[in-house]
Amino acid sequence: MTERAALRWVSRPGAVREDRRFVTGHGRYVADITPPGTLHVGLVTSPHAHARITGIDAEAALALDGVVAVLTGEELAKETDPLRQYLDLPDVHWRPLAVDVARYAGEWVAAVVATSRAVAEDGAELVSVDYDPLPVVLDPEAALRPGAPTVHTGHGTNVLAHREFSWGDVAGDVARADGTTQVRVRWNRNSTVPIETFGVVADWDEHRQLLDVWASIQMPQFPDQLASALRIPGNQVRVHFDVDVGGSYGVKRGIKHGVLAGYLARQLHAPVKLIEDRAENMHGGDFHGPDRIFDIALSYTADGVFTSIRIDVVDDEGAYPGRSPLQLAKPIGAIVGPYRVPSAVYHATAVTTNKTGQVAVRGFGQAPTNYAIESAVDAVARELGMDRFEIRRRNFVAPDEFPYRIPSGTEYDSGDYPAVLDKAVTLADLPALERRRDELRGAGKLAGIGVATCLEPGGGNAIFENIMNPANDKTTFPEACRLRVDGSGAVVAVVSISSAGQSHDTMVATLLGEELGRDPATVTVLRADSLSGMPSQSPVGSRMTIVLGEAIRAAATDLKDRLLRVGAHNLGVPVADVDYVDGDVVVRADSERRLRWGEIVAIAHRKQHLMPDGVEPGLEVVHVAHTPRSGGLTAPDGTVQLYPCFSFETHLVLASIDPDTGVVDLDRYYLAHDCGTVVNPEVVRGMVYGGTAHGIGVALYEQFAYDDAGQPLTQSFMDYLLPSTHEIPDIADDEHCTPSPFTTFGQKGAGEAGYMGAPAAVASAVNDALAASGVAPVMSLPMKPSDVWAAINRTTEGNS
Amino acid sequence: MGTRHRVQLTVNGERRSGDTAGRTSLADFLRDTLGLTGTHLGCEHGVCGACTVLLDGSPVRSCILLAAQADGHDVRTIEGVSPPGGPLSPVQEAFCETHAMQCGFCTSGMVLASEALLATTPHPDDAEIDEALGGNICRCTGYVQIREAVRVAAARTADDERVVVRD
């Protein structure tokens, strides 16, 4: 790890190079890509939450001028394989278009292809589908009961996965506790809901035997899975990563969209474009997020020292599980939060219901788990009458205990939790915040202060696949960087990912500039496609600064090694006697003797007679890096090293509640955050604010709700309430830095920052306000005005 | 399909025309007929504000305005906020300076809504900023840096005005 003081570009204020194209409207999103002759897809969707499809009549649609084809699920299934799932579920088939049975309202049943999107939609309305409705199951706990309707009849049960873990001396730790507080919390169904829906354009070149794909994608192994489902070799699918993705935060994994468009492009010998409209996205995109019921038991001594935690969770995956059940395993790597808890029990159950499928969402299950843990911590504080800050301080892993191994076997890399909490308290001026709270109370409001102290695991590996299904033995999740110094000495860095607002071009240029001692502004960053590029898992799991950072370091080291060998050879000294200094090769004993960057480049590209033996011409290197600390499988006792790095955040929020309406207003919002060494301060604070706003939405506004028949009640953005400037207060953030010992410059993950703690903090604030008025806490998110109002009035009625 | 209309309008200072179906939205007309893809579609039902353009200087949602309704009007899209290849507008500069975006998808609408605000209210207070941008949803930023950008642009405009006054 490089000392921070020596850094010239990392952590320094610097322009974000992506921004200029966005402010001028010159981003290039998938909807902007329309090859000549493009055909457009409209979708026929199921109006029933569960129904047998008994007939599809496409005659009227096909008769419409401009309609080219209508594809049913049965036809598609004959020539494609089901979409990849990560559990062994041989009788659960996930396909782009339903076959025989539709399992949720909004599921795609047929696709209409036409010369324009408008005509495709007209055609979709003319497709007549006969359904025979089947019983529905919507509540995940009801789905577990004997006799419940089954979503996948062949599977025989609605349980998709059930895993039980116990780490440490649970019985002993519970027995020595003076108390155990049990809480039940509900994290209702929401998602990240990017402003850009999912879209894909596919174009099959018959003569080259190549499928070109442009997609708003953020998904590991998308090209491989696309090829596999289409039954064509992987080297015939070329996914282009130079597409700007209009937000994702985990969910842009449109594999079913990709397979459908790819199949149609191959069949119709024309480019095919599928851009979801908002209703298709919300109801049938298979993009919903975790939908969980937690039962937590937290044991503690009379002094408020935690001794053991038990978490039972039921997660509603919707109709098709895909990768989503793996989100139950990721939190195992931070199952005790930032607290010193010597033992833990974790029971995780994945259930299927008649709702659209769940997919990876920002944090991969960590934010709901953090909310559950923090709810239990606050409940213990209420039980003991202990200050919520004090109980946290008393249980924090101490700064001198790192690396700290938690009961589930994961080591936390580094941290200074008390210092970060202190920073938040100072930033908020807690006494002033308390005065403001009291003013609000004096003005007739309910008011409360919320606190949450949460971890963000970063540097995502894929070991959760192995945890949930031992047959999955994937132990690496690599990233790669290619460096090229051209004949004029200009540097190009190539990566094989698409980005959804994470400013990766800026990050790569900054890190590479630092490695090479060259101004990042002179580095060009390019995106390879999936065939010309290198192995990559995409920017998930707060991993790019960490894992791509490692690839950049290693590639830069290889490049510098080559420069050193050329330099030493021409300076007539052993390689051991020269140093690399900002591009030049310098004799250590005599810094006047040096070969300059331009001279070395010229030799490497054009002067074989000056090259040392064994050095390749040109200056091009590729490095593929493992995730730090990965490589092992889950141990037989269920212990495992999950992610390598742990960022930490403390939220402090003042909530004000109108007792007459139950409407919550966030009056003040403060946050202290530690992601180790910050690469770009503007980018990191943006992540922190944005994740916090997303978490505020989860806490107060956002829910995909269904009626008893499984019809989505959240029909549009008039119902699914994304927070606006009116809801999000100015958020103040103070950064702390505890470098990670496992990364190149001490950086940790930040892509899920803010979202890790905001839902818990807002809930804490609302419940603090309610508790001060003798109202029982609301233990379910979102805390809608009706929920808060009902809680207040239940108490009022009870007292009257 | 309905009727077809000949639409003539001024877009970013240029006279543009085209044939369009009666049901075609202004957003689709701008994107598909005129190739101005800087206008983005987020919800297509008038809530998210990503498709905001200026119609005779006022922000409108081009997804729920028909192209035919814009006939004879003046439209400014994000492509017309600053000259191609030329200097950015103070609002665009401020958005870059504060990194008031991430994925960029809502940015076109945000910049145009901010331009419209500062054109009518050069010195907005915080409540006026929140009101002016309240119909534009950003999922990435939490609005903090967007508010900063508007304040920076407003302050800079104010500085310029002072210079003019002194001259």
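Residues numbered from 1 in each chain as written. Chains lettered and ligands numbered in written order. Predicted model: local features only at pLDDT ≥ 70, side-chain atom pairs only at ≥ 80, totals over all residues. Heavy atoms only, no water.

*Asks:* Provide a residue-level description of the overall build of chain A, including the pertinent values.
*Replies:* Secondary structure summary: chain A contains 20 helices and 29 strands in total. Radius of gyration (C-alpha) of chain A: 28 Å, near the 28 Å computed for a compact globule of 800 residues. Principal-axis analysis of the C-alpha atoms gives chain A an extent of 95 × 75 × 50 Å. Sorting the 800 residues of chain A into buried and exposed places 66% on the buried side. When contacts within chain A are restricted to residue pairs at least 6 apart in sequence, long-range pairs at least 24 apart make up 81% of them. Carbon and sulfur atoms make up 49% of the accessible area of chain A, which amounts to about 26,400 Å² in all. Taken together, the 69 basic and 104 acidic charged side chains of chain A have centroids lying 4 Å from each other. (Helix = DSSP H or I, 4+ residues; strand = E, 2+ residues; numbered from the N terminus. Rg over C-alpha atoms; globule rule 2.2 N^0.38 Å. Buried < 20%, exposed > 50% of the residue type's maximum accessible area, 1.4 Å probe, protein only. Contact = heavy atoms within 4.5 Å. Areas by Shrake-Rupley, 256 points an atom, 1.4 Å probe, with all protein chains shown as cover. Lys, Arg positive; Asp, Glu negative; His and termini not counted. Charge placed at Lys NZ, Arg CZ, Asp CG, Glu CD.)

*Asks:* Could you give an account of helix α7 (residues 222-230) of chain A, naming the residues involved and the relevant values?
*Replies:* Residues and elements named next belong to chain A. Taking burial as the measure, the 9 residues of α7 include 7 buried ones, the bulk of the element. Looking at α7, one finds that the buried residues are Phe222, Pro223, Gln225, Leu226, Ala227, Ala229 and Leu230. As for α7, its buried residues are in contact with α3 (73-79), β10 (210-215), β11 (237-240) and α8 (255-268). In the stretch just after α7, arginine 231 is the one whose phi turns positive, near 60°.

*Asks:* Describe the sheet that holds strand β15 (residues 343-352) of chain A, naming the residues involved and giving the relevant values.
*Replies:* All names here are of chain A. The strand order β7-β15-β14-β13-β8-β29 describes an open sheet built from 6 strands, whose pairing is mixed. Only two strands of the sheet have a single partner each, and these edge strands are β7 (159-167) and β29 (780-781). Bridging between strand β13 (residues 292-300) and strand β14 (residues 306-318) involves 9 bridges; their strand directions are antiparallel. Considered in β14, the bridge of tyrosine 300 is made with phenylalanine 306. (Pairing = 2+ DSSP bridges.)

*Asks:* Describe the interface of chain B and chain A, with residues and values.
*Replies:* Reports often express the size of an interface as the amount of accessible area lost when the parts come together. The partner chain A presents 52 residues to the 48 residues of chain B that form the contact. When residues of chain B are sorted by the area they lose upon contact with chain A, B:His99, B:Gln102 and B:Arg139 head the list and together hold 20% of the total. The tally of links from chain B across to chain A stands at 23 residue pairs in polar contact (both at pLDDT 80 or more). Ranked by residues supplied to the side of chain B that touches chain A, first place goes to helix α2 (residues 90-98) of chain B with 6 residues. Grouping the amino acids of the side of chain B that touches chain A by side-chain chemistry returns 19 nonpolar, 17 polar and 12 charged. (Buried area = accessible area lost by both parts, 1.4 Å probe. Polar contact = N/O pair within 3.5 Å; in protein donor to acceptor, adjacent residues only side chain to side chain. Nonpolar A, V, L, I, M, F, W, Y, C, P; charged D, E, K, R; others polar.)

*Asks:* With reference to specific residues and values, describe the pattern of salt bridges.
*Replies:* Following the criterion strictly, the structure yields 57 salt bridges over all chains and no others. The residue A:Lys748 makes a salt bridge to A:Asp413 at a minimum N-O spacing of 3.8 Å. Here A:Lys748 is found in the loop between β28 (731-736) and α19 (758-772), whereas its partner A:Asp413 is found in the loop between β17 (411-412) and α12 (417-428), with 335 residues between them in sequence. With respect to class, A:Lys748 is no different from A:Asp413; both count as buried. B:Arg139 is the salt-bridge partner of A:Glu702, the closest N and O atoms lying 2.5 Å from each other. You can see A:Glu702 sitting in the loop between α18 (681-700) and β28 and its partner B:Arg139 sitting in the loop between α4 (126-133) and α5 (144-166), one on each of two chains. Judged by its relative accessible area of 0%, A:Glu702 falls in the buried class. Salt bridges sharing partners connect three or more residues here, namely A:Arg186, A:Arg189, A:Asp291, A:Asp316 and A:Lys355. (Salt bridge = Lys/Arg side-chain N within 4 Å of Asp/Glu carboxyl O.)

*Asks:* Outline the domain arrangement of chain A, listing residues and values.
*Replies:* Residue and element names in this part refer to chain A. On domain assignment, one finds that chain A holds domain 1 (37-134 + 198-275), domain 2 (292-463 + 633-799) and domain 3 (479-536 + 544-625). Using only C-alpha atoms to locate each centre, domain 1 and domain 2 end up separated by 36 Å. Taking both sides of the interface into account, the surface hidden between domain 1 and domain 2 amounts to around 1,700 Å²; carbon and sulfur atoms contribute 63%. Its largest share of buried area at the contact with domain 2, domain 1 owes to Tyr86, Tyr104 and Tyr249, together 30% of the area lost on that side. (Domains from an automatic or database assignment.)

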